[in-house]
Amino acid sequence: QVRVVESGGGLVQAGGSLRLSCEAPGRTGTRYAMGWFRQAPGNIREFVAGISCSGDRTYYGDFAQGRFDISRENAKNTVFLQMNSLKPDDTAVYYCAVKSFSPPEQWTVSSVDYWGQGTQVTGSS
C-alpha cells in the first residue's frame, strides 16, 4: 500500500492561481507515474493532468491544456499542479493519482492504483 498525501487546496477568485502538492513516498527507489483527477458534485471523476515516472512526459485534459502545469520532484515522488486562470467551473475535489503498472499515457480512473484523500478547490466568481 502506498500512502498518498495531498495539500494546497482552497478558495480562489476567478482568474487567480493555486498550487497543489502531492507526495507518495512508496518504497525506497521506486518511482511512480503520478497525476491528478477532479470530481465536482454530480459529475464523474475526470482526468486533469499526469506525468511519467521520469518527468519527461506530461499529459493534460482538454480543459487543463494551457492553464495548468504539472511537474514533479523525483527524489521524493512528489508532484505539483500549478493551476492558473482559475474559473468557477474548476470547482471540484482534486485527487492525486498514483500508477504503478499501466502505461504512462493511459490516464483513466481504472488505471490508477492509489488515490489521495482529495483536496477541495473552489473558484469564486
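Anything mentioned here points back to the structure above.
Let us look at the structure shown here.

Criteria and thresholds
Residues numbered from 1 in each chain as written. Predicted model: local features only at pLDDT ≥ 70, side-chain atom pairs only at ≥ 80, totals over all residues. Heavy atoms only, no water. Helix = DSSP H or I, 4+ residues; strand = E, 2+ residues; numbered from the N terminus. Rg over C-alpha atoms; globule rule 2.2 N^0.38 Å. Buried < 20%, exposed > 50% of the residue type's maximum accessible area, 1.4 Å probe, protein only. Pairing = 2+ DSSP bridges.

With that settled, the discussion passes to the overall build of the protein chain. Scanning the protein chain from N- to C-terminus turns up zero helices and 11 strands. Across the protein chain, helices and strands are ordered from the amino to the carboxyl terminus as β-β-β-β-β-β-β-β-β-β-β. Taking 2.2 N^0.38 as the reference for a compact globule, 125 residues should give roughly 14 Å; the C-alpha atoms of the protein chain span a radius of gyration of 13 Å, in line with that estimate. Taken along its principal axes, the extent of the C-alpha atoms in the protein chain is 45 × 25 × 25 Å. When the 125 residues of the protein chain are sorted by exposure, 44% land in the buried category.

We now examine the pairing of strand E7 (residues 68-73). Burial along E7 is one-sided: the residues Phe 68, Ile 70 and Arg 72 are buried and none of Asp 69, Ser 71 and Glu 73 is. Hairpin connection, E7 to strand E8 (residues 78-83): the antiparallel pair is bridged by four residues, and Asn 77 has positive phi, about 45°.

Before going further, it helps to examine the pairing of E8. Along any regular strand, the residues point their side chains to alternate faces of the sheet. Among the six residues in E8, five count as buried, and that is most of the element. Taken together, the six bridges between strand E3 (residues 18-23) and E8 define a ladder with antiparallel strand orientation. Following the sheet pairing, Ser 21 is matched in E8 by Phe 80. For E7 and E8, the ladder comprises six bridges, and the chain directions are antiparallel. Paired with Arg 72 across the two strands is Val 79, which belongs to E8.

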